[in-house]
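Observations on the three-dimensional arrangement
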Amino acid sequence: MAGALDPSLLDQPVTALPGAGPVTAARLAERGLESVRDLLAFLPLGYEDFRTLFPLSALAGLPEGQAVVVRAPVRRVRPFFRRLLDVYLEQDGVPMRARWFRPNAGMLKTYAKGNFVALAGSLRRAKDGSVELIHPRNVTTLMAAQEASGTPSGLGLQPRYPTVEKVPGRVVEKLVAAAVDRAAGLVPDVLPQGVARRFGFPSIAESLRRVHQPEASLSDDKLAELVAGQAPAQRRLVFEDLFVVQVGLALERGRVRRAAGWRCDVDGEQVLASARAALPFVLTPGQERAIRILFADLTGATPMQRLLHGDVGSGKTAVAFAAALLIARAGRQSLLMAPTEVLAEQHGRTLAVWGGKAGLRVGVLHAGLAAQERRRVLAAAASGATNLLVGTHALLEGGLRVPRLALAIVDEQHRFGVRQRAALRRAGGWIPDKKTDMVPHLLVLSATPIPRSLALTAYGDLDLVTLDESPPGRQVVATSLCVGEATRGEALAAVKAAVAAGGQGFVVCPAIVEQKQGRRASVLSRFRELRLLLAPARVGLLHGQMPSNEQQEVVAAFRTGKLDVLIATTVLEVGVDVPHASIILIEDAERFGLAQLHQLRGRVGRAGQASSCYLLTGAQDPETLERLEFVAATSDGFRIAEEDLRRRGPGEIYGERQTGVVGLWMRDPAGVASLVERARQEAEALLAEDPALASPEHAALGQAVETRWLRRRPIAEEAG
Ligand code: ADP
Ligand code: MG
């Protein structure tokens, strides 16, 4: 279909397409689908093969799981209340059962006796040997509409999209199809032609069409390739994204390599002595060693590019503090970016206390500030009065000026993308100084180790320093796995006992509100329930969708002992530091990644007290239980993170969440690692030829690097 060839259509809201009203648009927006471009990037998870129309008599000879379309009259209908609906079709005396769970009332009309219906689904063999379709899709009208597609069924290959809460699959399909019809041809080709040719990639428009609307005439081999996520069209989409990242990284690398650092002309030993005097604890030898390494970088001639690795609770903040102190002593400024407001506030408070004793002035900036406070913070940063500005990704937004920026610190790097890392260095209006060409130093803090294959590419520009010991006196958090509802009581009793003994604890839930079917523990329902069950303990609620000031108040109340138990989502995961807390319960533990569980567990026992963690799960399958047992039995965060990456693949490395594409990554980590490597090689080769992307052929690429590389929003918290 030829819509108006208006390139701006790509950036128009989804309501520009037929079939999307404001309500649907709002629901799609919640899933990150706001523009027509977003719909194009919403890739199918798989495909249904609806091409062959089978007579019912042929079904008995087909293998289980075969995708079929059948078309026959309804012979008999058996509703079982609202629980179940069995519909029997019959053709030439051969019957077939179709079964739906939780049918709605309208279905009785659709499947009234005598109606001629077409159903598509995958074949299942019932216990008695007869064949059935479970939850087949009604394709009666679809078939009538597509009759001309040239396949025996009149239907083609049907893409299967990820579910969007409260938007019927059919609506999503229609909207994506409309986006492809009208706008796929408008997407500029970002990959240089030479690269596309070398890899045998189709154009971007063609790739989008093939992925969203595969031809009905596809051979079995090609279909298998598509299902495995290995078709050239799919590889191109993945590759293009990797390539843009790699070009961005290579540009950055080149810039940094050629640049000079802010050579801080101060005495490191003196700064270290002030840091020691300001901190409320004695630095471990590991922290001292890390600080000395950073100081050597910061007083050297080239911009620092460091990754500071250290397990949860290993004391990375104190190391970052020392670095910021050195920068301040040199009369310059630092930025520290954290992934959540709660964490930014906490860092702001801790660092201000330490800084107060050493003459380091600290500011805090995030979206939750009142307008007046925000103005004050911005003014103090702009005047140079603030030595260290701590914030969330609000630091990356316009309006901020940090004229003497010399050090950018990213905390919990795994929650950001590589792009934000580069953006932070450029934050605060920092522009490369034409005369001196000075570039701010960069320090990245992370508790997640990176597999070698990807370290090369995603972090190839960073030098590593590791904190491999914990502060003295830390005990292992005793972790127990509690399977099934019956064990919850035991875990709750442990919380009550801990509170009765004067301790504090957390209960973590994966979701804010009840999910489908209401089986998942939501933080709201748990809060209501536990307030009663845990009485007289004082129970507070914390999640990322509460207004910022309420979040701060709850954390403050917990910190000062006015609350005994916090019921929270994963806002807790990153960095929340209340040393007194000693017990944590994690509900639906199977829903969290291994490294995430370890991070959560790291919230307790921080003052060296004995502490415990209960992983609750209703899961039954051995794989899941084995995973959870691994966390329970292992206290070494590095081993856990490695295991996590081994199981989940490297998609998380980039901290990007791209539906579809990431899904493909997950299935083939090794393949992706090699694709990353090739993207890096191509990027380097291209920049060797055209270092500033000045040739007209590279204009679209340059623009993609600008917008995608710098504009991407950081990842919000998992479940809020
Ligand atoms: P992470 O590496 O996870 O960011 P933090 O910097 O938050 O760890 O430190 C964890 C806890 O350990 C904090 O309460 C901090 O005050 C404390 N801590 C850090 N270094 C030391 C030390 N050398 N001795 C005692 N406690 C320390
Ligand atoms: Mg930390």
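**Re the site of ligand 1**
Ligand 1 sits among 16 residues. The nearest are V282, G313, K316, T317 and R474. Separating a nitrogen atom of ligand 1 from a backbone N or O atom of V282 is a distance of 2.8 Å. Between ligand 1 and Q287, the relevant distance is 2.8 Å, taken from a nitrogen atom to a side-chain nitrogen or oxygen of the residue. Relative to its unbound accessible area of 560 Å², ligand 1 is 85% covered by the protein chains. Here the residues of the shell around ligand 1 sort into five nonpolar, six polar and five charged.

**Focus on the packing of helix α21 (residues 594-601) against helix α22 (residues 622-633)**
Orientation of α21 relative to α22, taken along the N-to-C sense of each, is 35°, at an axis distance of 10 Å. As for how α21 packs across α22, the hand of that crossing is right-handed. Taken together, the residues of α22 that come into contact with α21 (itself represented by L594, L597 and R601) are R627, L628, F630, V631 and A632.

**A look at helix α20 (residues 548-559)**
What sets the pattern is the α-helix's 3.6 residues per turn: residues three or four places apart point alike. End to end, α20 covers 16 Å across 12 residues, agreeing with the expected 16 Å (1.5 Å per residue, within 8%). Here α20 has its buried residues at S548, Q551, Q552, V554, V555, A557 and F558. Those residues of α20 that are buried lie in contact with α14 (341-356), β19 (505-508), β20 (539-542) and β21 (565-568). Following α20 by one or two positions, G561 adopts a phi angle in the positive range, close to 80°.

**With respect to the sheet that holds strand β17 (residues 463-467)**
Pairing in this open sheet of seven strands is parallel, and the strands run β12-β13-β11-β14-β16-β10-β17 from one edge to the other. Pairing within the sheet leaves two strands with one partner each, and these edge strands are β12 (362-365) and β17. The mean inter-strand angle of the sheet, taken between neighbouring strand axes irrespective of direction, is 20°. Pairing analysis gives four bridges linking strand β14 (residues 405-410) to strand β16 (residues 441-446), with the strands arranged parallel. Bridge pairing in β16 places V410 opposite V444.

**Details of the packing of aromatic side chains**
In this structure the tally under the stated criterion is nine aromatic pairs. Residues F239 and F243 carry aromatic rings whose centres are separated by 6.0 Å and whose planes lie at 15° to one another, so their mutual orientation is stacked. Placement of both F239 and F243 in helix α10 (residues 232-258) is noted, with a separation of four residues, approximately one turn of the helix. As far as the burial class goes, F239 and F243 line up, both buried. For the pair F506 and F558, a centre-to-centre distance of 5.1 Å together with 45° between the ring planes defines the contact as tilted. In this pair, F506 is assigned in strand β19 and F558 in helix α20, connecting sequence segments 52 residues apart. For F558, a relative accessible area of 1% corresponds to the buried category. Linked through ring pairs, F199, F201, F239 and F243 together constitute an aromatic cluster. It is R76 that lies over the ring of Y88; its NZ or CZ is 4.3 Å from the centre.

**Some words on the environment of R258**
Relative to the helices and strands, R258 is located in helix α10. For the pair R258 and P303, spaced 45 residues apart in sequence, the C-alpha to C-alpha distance is 9.6 Å.

**Observations regarding the nonpolar core**
Judged by nonpolar contacts, the single largest core of 55 residues is most densely connected at V565, I567 and I586. Among the elements that make up this core, the one with the highest residue count is helix α18 (residues 488-500) (six residues). Leave out the neighbours within four places in its chain, and V565 touches V495, V499, G505, V507, L534, A537, R538, V539, G540 and F558. Within the second largest apolar cluster, 44 residues are counted, among which are L283, L308, L360 and A406.

**Some details on the confidence of the model for the protein**
Averaged over all residues, the pLDDT of the protein is 85; the fraction at 70 or higher stands at 88%. Looking over the protein, one finds the lowest element-wise mean pLDDT in helix α24 (residues 661-667), namely 47, and the highest in strand β13 (residues 388-391), namely 98. Low pLDDT, under 50, characterises residues 650-666; the predicted model gives this stretch 53 contacts beyond four residues in sequence or across chains. The low-confidence segment residues 711-720, where pLDDT is below 50, has 38 contacts with residues more than four positions distant or belonging to other chains.

**Structural notes on the pattern of salt bridges**
Tallied over the entire structure, the rule returns 25 salt bridges. For R198, the salt bridge identified is with E682, shortest N-O distance 2.9 Å. Separated by 484 residues along the polypeptide, R198 in helix α7 (residues 193-199) and E682 in helix α25 (residues 669-689) bring together distant segments of the chain. Taking the relative accessible area as the measure of exposure, R198 reaches 55% and is therefore exposed. In this structure E682 comes out as buried when scored by relative accessible area, which is 12%. Here R526 ties to E529 by a salt bridge, and the two come within 3.0 Å at their closest N and O atoms. Note that R526 and E529 are positioned in helix α19 (residues 523-533) at a spacing of three residues, about one turn of the helix.

**Quick notes on unusual backbone geometry**
The linkage connecting A535 with the following residue, P536, adopts the cis geometry, with an omega of 5°. Mapped onto the elements, P536 comes out in the loop between α19 and β20. One non-glycine residue with positive phi stands out, namely R102, at about 45°. Mapped onto the fold, R102 is located in the loop between β4 (94-101) and α4 (106-110). With a relative accessible area of 66%, R102 lands in the exposed category. With a phi close to 45°, D588 is a non-glycine residue in the positive phi region. In this structure, D588 sits in the loop between β22 (583-586) and α21. Residue classification places D588 among the buried residues on the basis of a relative accessible area of 12%.

Reading the values: the criteria
- Residues numbered from 1 in each chain as written.
- Chains lettered and ligands numbered in written order.
- Predicted model: local features only at pLDDT ≥ 70, side-chain atom pairs only at ≥ 80, totals over all residues.
- Heavy atoms only, no water.
- Near = heavy atom within 4 Å.
- Polar contact = N/O pair within 3.5 Å; in protein donor to acceptor, adjacent residues only side chain to side chain.
- Areas by Shrake-Rupley, 256 points an atom, 1.4 Å probe, with all protein chains shown as cover.
- Nonpolar A, V, L, I, M, F, W, Y, C, P; charged D, E, K, R; others polar.
- Axes fitted to C-alpha atoms, helices over the stretch in contact; angles between N-to-C directions.
- Helix = DSSP H or I, 4+ residues; strand = E, 2+ residues; numbered from the N terminus.
- Left-handed = near helix turned anticlockwise from the far one by under 90°.
- Contact = heavy atoms within 4.5 Å.
- Expected span 1.5 Å × (residues − 1).
- Buried < 20%, exposed > 50% of the residue type's maximum accessible area, 1.4 Å probe, protein only.
- Pairing = 2+ DSSP bridges.
- Phe/Tyr/Trp six-rings, centres within 6.5 Å; stacked < 30°, edge-to-face > 60°.
- Lys NZ or Arg CZ within 6 Å of the ring centre and 35° of its normal.
- Core = buried A, V, L, I, M, F, W, Y, C linked by side-chain atoms within 4.5 Å.
- pLDDT = per-residue confidence, 0-100.
- Salt bridge = Lys/Arg side-chain N within 4 Å of Asp/Glu carboxyl O.

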